[in-house]
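Residues per chain are reported as follows:
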Amino acid sequence: MNVKDLTSWIEISQKAYCKNIDFFRSRVAKGTELSVVIKANGYGHGILEIAKLADKKGISTFCVNSLDEALVLKDGGFLQNILILGPVMLNRIKTVVENGFECVCYNIENLKVFEEAASARNKSAKIHIKIETGTNRQGIKGKKLNDFLDELSVCKNIELMGVYSHFANIEDTTDHSYAQYQKTSFMEAVSFIRKSGFKDFKLHFASSAAAAIFKDTHFDMIRLGISQYGLWSSKETYLTYISEHGHGSEHILDPVLTWKAKIAQIKDVGKGEFVGYGCTKQVTRDSKIAVLPVGYSDGFDRKLSNQGYVLIHGKRAPVQGRVAMNLTMVDVTDIPGAAIEDEVVLIGKQKDEEIRAEHVAALCGTINYETVARIAAHIPRIIVQ
Ligand SMILES: *Cc1c(COP(=O)(O)O)cnc(C)c1O
């Protein structure tokens with residue numbers, strides 16, 4: 001891939017990625033495994049590119065959402081343990097078993113199909129039970145857990161690899177009483193599972209926020225998502241971390257992704273003329289407008305219309321008019337040297353300026369997770385030093 005040929009691309013910084021992983025390695029205890037969550041195309045960073053970097057860092061478990069993502073990794077030649085965290089339809093459970101993937105399980109219906117598929121193939125099915133502790137998303141508790149364990153105890157081909165849960169309210173608050181409550185419920189369920197005769201399974205609970213600020217949730221493994229990419233789960237998590245660790249800890253994580261494009265055209269637009277669909281922008285001075293080869297179908301959110309900005313020559317160029325499906329116009333009147341095929345930064349640093357995913361997210365009324373996860377998969381990802 002030659003950058004000269006590309007209208008828009010994403011650079012993935014190996015240096016930043018390594019720094020973030022090293023930071024979390026230093027946070028977790030010796031016996032705690034660091035697994036990485038690379039669902040949603042590696043949070044928009046590119047699943048195979050991130051798997052490659054994680055592999056270089058010696059990560060031995062990849063967590064994904066779907067069976068298809070697991071297959072992409074396997075086809076990519078990765079030999080790590082692959083844990084599927086999201087739902088798999090009953091009809092495809094055999095594929096999970098055939099490939100030796102680990103998979104979440106919280107329905108008796110699924111458990112029975114795992115057992116059948118494994119016994120028919122003379123294999124074992126590797127499951128992780130998800131405990132309902134207060135998110136009320138996936139998971140089981142109480143009587144249902146009891147029934148599930150009864151069924152599990154007669155399954156001969158199921159290997160119980162792990163028991164886990166997920167926090168509902170760590171990143172949105174600095175008050176961790178709900179997290180404590182979830183942890184207590186989790187420990188009760190775990191002791192019940194142990195009393196029912198199951199042993200030798202891993203416990204895991206923490207995602208990025210808990211991994212950064214809540215050490216006693218690390219158990220046997222953390223599931224590191226957003227923060228491996230150098231982004232904090234939230235402002236609250238960031239502030240909690242730096243208030244505990246003081247000055248100098250602000251730059252402990254480095255964003256891994258830079259989204260770039262090139263100027264496709266520059267045109268003179270006279271005072272009073274309109275720009276873009278719906279004529280929502282009327283320029284109030286003689287302007288130079290740059291046309292950029294990115295739009296909402298690439299993941300450059302339409303909410304950035306007349307609101308967002310990009311970096312050109314290290315300066316901010318504001319979006320003019322509506323973001324279209326594949327094109328966006330920006331004002332470069334105050335960036336006199338701007339010329340066609342000059343580099344544009346949509347997310348990331350250019351000279352002394354930086355557009356963070358959080359800035360874009362705030363303009364769009366969302367969170368950094370959504371901003372990066374929605375960058376379209378068709379944009380080339382390039383690993384750089
Ligand atoms: C997505 C996800 C994670 C990772 O969360 P981050 O906040 O991105 O670290 C961990 N566990 C589960 C179950 C998830 O779905």
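Residues numbered from 1 in each chain as written. Predicted model: local features only at pLDDT ≥ 70, side-chain atom pairs only at ≥ 80, totals over all residues. Heavy atoms only, no water.

## Quick look at the overall build of the protein
The number of helices and strands found in the protein is twelve helices and 20 strands. Seen through its C-alpha atoms, the protein measures out along the principal axes to roughly 80 × 45 × 40 Å. Across the 385 residues that make up the protein, the buried fraction comes to 54%. Taking the intrachain contacts of the protein between residues at least 6 apart in sequence as the baseline, contacts between residues at least 24 apart amount to 67%. Averaging the locations of the 48 positively and 45 negatively charged side chains of the protein gives two centres separated by 1 Å. (Helix = DSSP H or I, 4+ residues; strand = E, 2+ residues; numbered from the N terminus. Buried < 20%, exposed > 50% of the residue type's maximum accessible area, 1.4 Å probe, protein only. Contact = heavy atoms within 4.5 Å. Lys, Arg positive; Asp, Glu negative; His and termini not counted. Charge placed at Lys NZ, Arg CZ, Asp CG, Glu CD.)

## Here we look at the domain arrangement of the protein
Per the domain assignment, the segments making up the protein are domain 1 (14-247) and domain 2 (257-384). For domain 1 and domain 2, the distance between their C-alpha centroids amounts to 36 Å. Taken residue by residue, the interface counts 16 residues in domain 1 and twelve residues in domain 2. Those elements that place two or more of their residues in the side of domain 1 that touches domain 2 are α2 (39-43) and α3 (47-56). Grouping the amino acids of the side of domain 1 that touches domain 2 by side-chain chemistry returns six nonpolar, seven polar and three charged. (Domains from an automatic or database assignment. Nonpolar A, V, L, I, M, F, W, Y, C, P; charged D, E, K, R; others polar.)

## Points about the pattern of salt bridges
As enumerated under the stated definition, the model contains 15 salt bridges in all. Note that R121 and E98 form a salt bridge whose closest N and O atoms lie 2.9 Å from each other. Of the two residues, R121 is situated in helix α6 (residues 108-121) and E98 in helix α5 (residues 93-98); the sequence distance between them amounts to 23 residues. On the basis of relative accessibility, which here comes to 29%, the residue R121 falls in the partly exposed class. A relative accessible area of 39% places E98 in the partly exposed class. (Salt bridge = Lys/Arg side-chain N within 4 Å of Asp/Glu carboxyl O.)

## Describing the site of the ligand
Taken together, 13 residues surround the ligand, and among them K39, Y43, S208, I226 and Y369 come closest. Backbone polar atom of G225 to an oxygen atom of the ligand: 2.9 Å apart, as the coordinates give it. One nitrogen or oxygen atom from the main chain of I226 is found 2.8 Å from an oxygen atom belonging to the ligand. Surface burial for the ligand is 93%, taken as the share of its 390 Å² of free accessible area covered by protein chains. One can see that the ligand is located within the largest pocket. (Near = heavy atom within 4 Å. Polar contact = N/O pair within 3.5 Å; in protein donor to acceptor, adjacent residues only side chain to side chain. Areas by Shrake-Rupley, 256 points an atom, 1.4 Å probe, with all protein chains shown as cover. 1 Å grid on protein atoms, 1.4 Å probe; cavity = no way out; pocket = protein on both sides within 12 Å on 5 of 7 lines; lining within 4 Å. Sits in = over half its atoms within 2 Å of the grid points.)

## Some details on the packing of α6 against helix α7 (residues 142-153)
Where α6 meets α7, the axes come as close as 10 Å, and the angle between the chain directions of the two elements is 10 degrees. Classified by the interaxial angle, the pair formed by α6 and α7 is roughly parallel. Contacts between α6 and α7 pair I108, L111 and K112 from the former with D147, F148, E151 and L152 from the latter. Here the residues of the contact of α6 with α7 are counted per class, giving four nonpolar, no polar and three charged. (Axes fitted to C-alpha atoms, helices over the stretch in contact; angles between N-to-C directions. Parallel < 35°, antiparallel > 145°, perpendicular 65-115°, else oblique.)

## Some thoughts on unusual backbone geometry
Excluding glycine, most residues fall at negative phi; most peptide bonds, likewise, are trans. Positioned with a positive phi, F219 is a non-glycine residue whose angle comes to about 45 degrees. Inspection of the secondary structure assignment puts F219 in the loop between α9 (208-213) and β9 (221-224). Taking the relative accessible area as the measure of exposure, F219 reaches 22% and is therefore partly exposed. Of note, E341 is a non-glycine position whose phi angle comes to about 70 degrees, a positive value.

## Notes on helix α10 (residues 235-245)
Where α10 is concerned, the buried positions are T237, T240, Y241 and I242. Here α10 starts with a cap whose side-chain oxygen sits 3.4 Å from the backbone nitrogen of E236, and that cap is S234. G246, located one to two residues past α10, shows a positive phi value of around 75 degrees.

## Quick notes on the environment of G337
Mapped onto the elements, G337 comes out in the loop between β17 (328-331) and β18 (343-350). Here G337 falls in the partly exposed class, since its relative accessible area comes to 49%. If we ignore the near neighbours within four places in the chain, the residues touching G337 are H313 and D342.

## Thoughts on the nonpolar core
I38, F114, I127, I129, V163, W259 and I312 are the most contacted members of the largest nonpolar core, which totals 118 residues. Ranked by size, the runner-up nonpolar core spans six residues in total, among them V275, V283, I289 and M329. (Core = buried A, V, L, I, M, F, W, Y, C linked by side-chain atoms within 4.5 Å.)

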